[in-house]
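# Summary of structural features
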2 protein chains.
Amino acid sequence: MEVSTADVAPAMRLPVGLAGGVFPAGCPSRTVLDHITSKWGVLILLALSEGEQRWSELRRRAEGVSEKMLAQTLKTLERDGLVSRKAQPVIPPRVDYSLTERGYELSALLVPLVAWAFENADDIINGQRTD
Amino acid sequence: MEVSTADVAPAMRLPVGLAGGVFPAGCPSRTVLDHITSKWGVLILLALSEGEQRWSELRRRAEGVSEKMLAQTLKTLERDGLVSRKAQPVIPPRVDYSLTERGYELSALLVPLVAWAFENADDIINGQRTD
DNA sequence: GGCGGTACTAACTTCCATGCCAGTACCTTA
DNA sequence: TAAGGTACTGGCATGGAAGTTAGTACCGCC
């Protein structure tokens, strides 16, 4: 078998921490991973990967998200420096959300993952493995 | 800025579903995404991406996982056709887990994501964005 | 003989993410 | 005047994820 991590991203090989244990419990990586792999985190990053969007637009695109979770998730992602918030002091309020540079980096990795999930979802759910 | 979704996986662009709504709520993609982005799902897939491993080895590598969650997660991933289980009828019991072909496909996308999280974790947690 | 390791399953409990609802402040349209 | 849209915040409820504990069956080690 020659499928290995090396095929994927030569400059992105998993670091030292992996040799002998995936991650120390409670290390920053775990926290960050939790944020970006959270149910709504993924969807929102994904939606924003296609460009700046307003609050209400995000609500519609991340179908099923409640206002509370949208606010909470956006706040987390903003604190993590992945999303930037631009509020315009107009009435009615208008707030635009977009990805930061770091956010784009992330979404570049996230998008193929989600695409893969989308493409394989039916097979997987129907229990049709090829192997 | 040249980081865009197009740079990543030309054949993996996000499909039609995305234009106008990330995913329908309750569609298979959501379910699969939940499995593979689950707290322990990620860690286990990651650990297995480095090759076949036994139960007890996985316990140690995914630091902090309880036996219950390990069993549960492995069962889910096995049902999804991402992990294969080989039990040897020896005493004491010996069970080896490895990724299926589909599992490797996934891990190839997951590994760079996790690597990114690892590399950026400190910056993110300390709130030091560069932008 | 008793402890520990291997690979689990099952029951009970706890806790946090999420959901649901209500409220805010201002404007527009009917 | 009343309803509805915009962008939120906060409280309470709950369900599912996760943790805890115990039990199983067999063996090797000391």
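Every value quoted in this text rests on a predicted model; they were computed, and no experiment measured them.

### Topic: the protein's contact with DNA strand D
Near DNA strand D, the surroundings consist of 18 residues, among which A:Arg54, A:Glu67, A:Arg85, A:Tyr97 and B:Lys68 are the closest. Where the surface near DNA strand D is concerned, the elements lending two or more residues are α3 (55-61), α4 (67-79) and β3 (94-99) of chain A together with α3 (39-48) and α5 (67-79) of chain B. Tallying contributions element by element places α4(A) first for the surface near DNA strand D, with 4 residues. A per-class count over the surface near DNA strand D returns 8 nonpolar, 2 polar and 8 charged.

### Overview of the sheet that holds strand β2 (residues 83-88) of chain A
Residue and element names in this part refer to chain A. As summarised here, the arrangement of the 3 strands in space is β1-β3-β2, forming an open sheet in which the pairing is antiparallel. At either margin of the open sheet sits one strand with a lone partner, and together these are β1 (53-54) and β2. Of the strand pairs in this sheet, β1 and β3 are connected by 2 bridges, and their pairing is antiparallel. Opposite Arg54, over in β3, you have Asp96 as the bridge partner. Running at roughly 95° to β3, helix α2 (residues 39-48) makes contact with β1, β2 and β3 of the sheet.

### Overview of the nonpolar core
Judged by nonpolar contacts, the single largest core of 72 residues is most densely connected at A:Ile36, A:Leu45 and B:Ile36. Beyond its immediate chain neighbours, meaning those up to four positions away, A:Leu45 contacts A:Ile36, A:Leu77, A:Leu82, A:Val83, A:Leu99, A:Leu106, A:Ser107 and A:Leu110.

### Let's talk about the side chain of B:Asp96
Residue and element names in this part refer to chain B. When you line up the elements, Asp96 lands in strand β3 (residues 94-99). By relative accessible area, Asp96 is classed as buried at 5%. A polar contact is formed between the side chain of Asp96 and the side chain of Gln88, at a distance of 3.0 Å. A polar contact is formed between the side chain of Asp96 and the side chain of Arg94, at a distance of 3.3 Å. In contact with Asp96, other than residues within four places in its own chain, are Glu52, Gln53, Arg54, Ser84, Arg85, Lys86 and Gln88.

### Topic: the pattern of salt bridges
The tally for this structure, following the rule as stated, stands at 10 salt bridges over all chains. Residue B:Asp123 pairs with A:Arg102 through a salt bridge whose shortest N-O separation is 3.4 Å. With B:Asp123 in helix α6 (residues 101-125) and A:Arg102 in helix α5 (residues 101-125), this residue pair bridges two chains. Of the charged contacts in the structure, one is a salt bridge between B:Arg94 and B:Asp96, with a shortest N-O distance of 3.3 Å. Since its relative accessible area comes to 30%, B:Arg94 is described here as partly exposed.

### What about the protein's contact with DNA strand C?
Around DNA strand C, 19 residues are found, and the nearest of them are A:Lys68, A:Ile91, B:Arg54, B:Glu67 and B:Arg85. Expressed as a percentage, the sugar and phosphate content of the atoms of DNA strand C within 4 Å of the protein is 69%. Taking B:Ser56, its side chain carries an N or O atom lying 2.9 Å from a phosphate oxygen of DNA strand C. Between a sugar or linking oxygen of DNA strand C and a main-chain N or O atom of B:Pro93, the distance comes to 3.0 Å. Only α2 and α4 of chain A together with α4 (55-61), α5 and β3 of chain B provide two or more residues apiece to the surface near DNA strand C. Sorting elements by how many residues they give to the surface near DNA strand C places α5(B) first, with 4 residues. The residue inventory of the surface near DNA strand C, partitioned by class, reads 9 nonpolar, 2 polar and 8 charged.

What counts, and at which threshold
Within every chain, residues take consecutive numbers counted from 1 along the sequence as written. As a convention, the first chain written is A and the first ligand written is 1, with the rest following in written order. Restriction of local features to residues with pLDDT of at least 70 applies here, the model being predicted, together with a cutoff of 80 or more for giving and counting side-chain atom pairs; totals for whole chains, interfaces and linings are based on all residues. Remark: hydrogens and water are excluded; side-chain values derive from all non-hydrogen atoms of the structure. Throughout, near means a residue has at least one heavy atom within 4 Å of the molecule or strand. Secondary structure is summarised from DSSP: a helix means a run of H or I of at least four residues, a strand means a run of E of at least two, and numbering begins at the N terminus for each. When residues are sorted by character, Ala, Val, Leu, Ile, Met, Phe, Trp, Tyr, Cys and Pro go into the nonpolar class, Asp, Glu, Lys and Arg into the charged class, and all the rest, Gly among them, into the polar class. The rule for pairing is simple: two strands pair if DSSP sees at least two bridges between them. Whether two residues touch is decided by their heavy atoms; if any such pair falls within 4.5 Å, the residues are in contact. With axes taken as lines fitted to C-alpha atoms, and helix axes fitted only over the stretch in contact, angles between N-to-C directions fall between 0 and 180 degrees. Among the buried residues, those of types Ala, Val, Leu, Ile, Met, Phe, Trp, Tyr and Cys that are joined through side-chain atoms within 4.5 Å form a nonpolar core. For every residue, the accessible area obtained with a 1.4 Å probe (protein chains only) is divided by the maximum for its type, and the residue is called buried under 20%, exposed over 50%, and partly exposed between those limits. Here a polar contact is taken to be a pair of N or O atoms separated by no more than 3.5 Å, where protein atoms must pair a possible hydrogen donor with a possible acceptor and residues adjacent in sequence count only if both atoms sit in side chains. Salt bridges are identified by distance alone: a Lys or Arg side-chain nitrogen within 4 Å of an Asp or Glu carboxyl oxygen.

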